[in-house]
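Below, each chain spelled out in residue letters.
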Amino acid sequence: MFTLQMNPTVAEGYKSNSQVARRITEGWATESLYCISCKSERVIPTPNNSAAIDFYCGICSAAYQLKASKRWDERRVPDAGYEAMVRALHSDSVPNLLLMQYTDDWAVKNLLVVPSFFFSISAVERRPPLGPNARRAGWIGCNIILSKIADEGKIRLVSDGNAVAAESVRADYDRIRPIARLDVKTRGWTLDVLRIVHKIGTREFDLTTAYKGENELASIYPANKNIRPKIRQQLQVLRDLGFIAFLGNGRYRLL
Ligand SMILES: [Zn+2]
């Protein structure tokens, strides 16, 4: 059953705050979390130390990573090692990222999932290397910048203490699932153009407005000298995937 109250007794005997939090939030997910990518009512915890994957679906094998915190920063989420993340992106093996905020009395307050195929390199920020006195001196981590992920890729399961119906969550996921079929080498372009189109702020827009994202795209893809044709190409890809409609005369609408 999808209850929002977690069970703190599963952490009895654990000392450090981070271990307690991990034990309780993972205990909750094991009991309550469902798969967004199929009809499975549960996900299975992976054995300890599985690289970046905390849960998987026994039916469709979707992989999940859970990051839980009492603080809620929708802007920036610390994640794994930078190099490992970039490798995972290029090999299309990033797990679905679950971000949870919980309350002081261990209830799920917010929970959103970024589907694995919605990450692009522009959403991964390289952190400064750890200092010489750190246990892992020189190690370079990364942050996920959630503002660099288009809204469609941030699906809410719990919003401010209210659970969203699972059917609605799965419908949101199904709608964006076609993105997963795009070649991982060019998918980042599609995601970045989608995000830039959202940034315009109106549902209807024209090509000139879409071109305003040119500088930002040039900074993400410095090797590409043909940004405008690329924007037009990606608008077509987004049309074919059902994200935008072509209205004619260089006008478009976000669907
Ligand atoms: Zn599944």
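What counts and how
- Residues numbered from 1 in each chain as written.
- Predicted model: local features only at pLDDT ≥ 70, side-chain atom pairs only at ≥ 80, totals over all residues.
- Heavy atoms only, no water.
- Donors = N, O, S within 2.8 Å, 3.2 Å for Na, K, Ca; no water.
- Tetrahedral: all angles 85-135°; square planar, octahedral: opposite > 155°, others 65-115°.
- Helix = DSSP H or I, 4+ residues; strand = E, 2+ residues; numbered from the N terminus.
- Buried < 20%, exposed > 50% of the residue type's maximum accessible area, 1.4 Å probe, protein only.
- Domains from an automatic or database assignment.
- Buried area = accessible area lost by both parts, 1.4 Å probe.
- Salt bridge = Lys/Arg side-chain N within 4 Å of Asp/Glu carboxyl O.
- Polar contact = N/O pair within 3.5 Å; in protein donor to acceptor, adjacent residues only side chain to side chain.
- Arc of directions from axis to C-beta.
- Contact = heavy atoms within 4.5 Å.
- Phe/Tyr/Trp six-rings, centres within 6.5 Å; stacked < 30°, edge-to-face > 60°.
- Lys NZ or Arg CZ within 6 Å of the ring centre and 35° of its normal.
- Pairing = 2+ DSSP bridges.
- pLDDT = per-residue confidence, 0-100.
- Axes fitted to C-alpha atoms, helices over the stretch in contact; angles between N-to-C directions.

*Asks:* I would appreciate a short explanation of the coordination of the zinc ion in the present structure.
*Replies:* Where a metal carries four tetrahedral donors, each ideal angle is 109.5 degrees; where it carries six octahedral donors, the ideal angles are 90 or 180 degrees. The zinc ion binds to the protein through Cys35 (SG), Cys38 (SG), Cys57 (SG) and Cys60 (SG), with metal-donor distances spanning 2.3 Å. One way to put it: the four donor atoms around the zinc ion meet at angles of 102 to 116°, and that makes the site tetrahedral. Between consecutive donors of the zinc ion, the numbers of intervening residues give the motif C-x2-C-x18-C-x2-C. Of this pair, cysteine 35 sits in the loop between α1 (17-32) and β1 (44-45) while cysteine 57 sits in the loop between β2 (55-56) and β3 (63-69), and the two are 22 residues apart along the sequence. For the pair cysteine 35 and cysteine 57, one class covers both residues: buried.

*Asks:* How do you make sense of the domain arrangement of the protein when you look at a structure like this?
*Replies:* By convention, interface size is frequently given as the accessible area that disappears when the constituent parts associate. Under the domain assignment used here, the protein contains domain 1 (8-181) and domain 2 (184-254). Placing a centre on the C-alpha atoms of domain 1 and another on those of domain 2 gives a separation of 28 Å. Taken over both partners, the interface formed by domain 1 and domain 2 buries close to 1,400 Å², and the fraction arising from carbon and sulfur atoms is 63%. Taken together, the connections running from domain 1 to domain 2 amount to one salt bridge. Among the ionic pairs, arginine 187 bridges to aspartate 92, the shortest N-O distance being 2.9 Å. Applying the counting rule to domain 1 against domain 2 returns seven residue pairs in polar contact (both at pLDDT 80 or more).

*Asks:* Honestly, helix α2 (residues 82-90) in this entry has me stumped. Any pointers?
*Replies:* The α-helix winds at 3.6 residues per turn, so residues separated by three or four positions along the chain end up facing the same way. Along α2, the residues that are buried comprise Tyr82, Met85, Val86, Ala88 and Leu89. One side of α2 holds all its buried residues, which, seen down the axis, span an arc of 160°. Counted as exposed and oriented over 90 degrees from the buried face of α2: Glu83, Arg87 and His90. Where α2 is buried, its residues touch β4 (76-81), β7 (124-126), β8 (141-145) and α4 (184-199).

*Asks:* Just to check I follow, could you spell out the packing of aromatic side chains for this structure?
*Replies:* How two aromatic rings sit relative to each other is set out by the distance from centre to centre and by the angle between their planes. Considering all chains together, one arrives at eight aromatic pairs under this definition. Aromatic side chains phenylalanine 205 and tyrosine 252 sit 5.4 Å apart centroid to centroid with 20° between the ring planes, which places their arrangement in the stacked category. Separated by 47 residues along the polypeptide, phenylalanine 205 in strand β11 (residues 204-206) and tyrosine 252 in strand β13 (residues 251-254) bring together distant segments of the chain. The ring of tyrosine 82 carries the charged tip of arginine 126 above its face, separated from the ring centre by 5.9 Å. A cation over a ring is seen here: arginine 136 above tryptophan 139, with NZ or CZ 4.2 Å from the ring centre.

*Asks:* Please clarify how the pattern of salt bridges should be interpreted in this entry.
*Replies:* Pairing of side chains with opposite charge becomes possible as their charged atoms draw close. The full count for this structure, using the stated rule, is 16 salt bridges. Linking glutamate 125 and arginine 76 is a salt bridge whose minimum nitrogen-to-oxygen distance equals 2.8 Å. Residue glutamate 125 is located in strand β7, and its partner arginine 76 is located in strand β4; the two are separated by 49 residues in the primary sequence. Across the pair aspartate 240 and arginine 239 runs a salt bridge whose closest N-O atoms are separated by 3.3 Å. A cluster of three or more residues bridged by salt bridges with shared partners is formed by Asp192, Arg195, Lys199 and Glu216.

*Asks:* Help me out: how do you make sense of the sheet that holds β1 in this one?
*Replies:* Read from one edge to the other, the open sheet built from seven strands follows the order β1-β2-β3-β5-β6-β9-β10, with strand pairing classed as mixed. Looking at which strands have only one partner, the edges of the open sheet turn out to be β1 and β10 (162-163). For β3 and strand β5 (residues 96-102), the ladder comprises six bridges, and the chain directions are parallel. Note that in β5 the partner of glutamine 65 across the bridge is leucine 97.

*Asks:* How should I be thinking about the confidence of the model for the protein in this particular structure?
*Replies:* Parts of the model with low pLDDT should not have their predicted coordinates read in detail. Looking at the protein as a whole, the pLDDT averages 93, with 98% of positions reaching at least 70. For the protein, the element scoring lowest by mean pLDDT is β4, at 86; strand β9 (residues 155-159) scores highest, at 97.

*Asks:* Would you explain the environment of serine 91 in this entry?
*Replies:* With respect to the helices, strands and loops of the structure, serine 91 is situated in the loop between α2 and β5. For the pair serine 91 and alanine 123, spaced 32 residues apart in sequence, the C-alpha to C-alpha distance is 16 Å.

*Asks:* Any chance you could explain the sheet that holds β8 here in plain terms?
*Replies:* Strand-to-strand pairing in sheets goes through backbone hydrogen bonds, with the strands running parallel or antiparallel. One open sheet holds the three strands; their spatial order is β4-β8-β7, and the pairing between them is antiparallel. In this open sheet, the two strands that pair with only one neighbour each are β4 and β7. Pairs of neighbouring strands in the sheet enclose a mean axial angle of 35°, with direction left out of account. Examined bridge by bridge, β4 and β8 share five bridges and lie antiparallel to one another. Looking at β8, one finds that arginine 76 is bridged to isoleucine 145.

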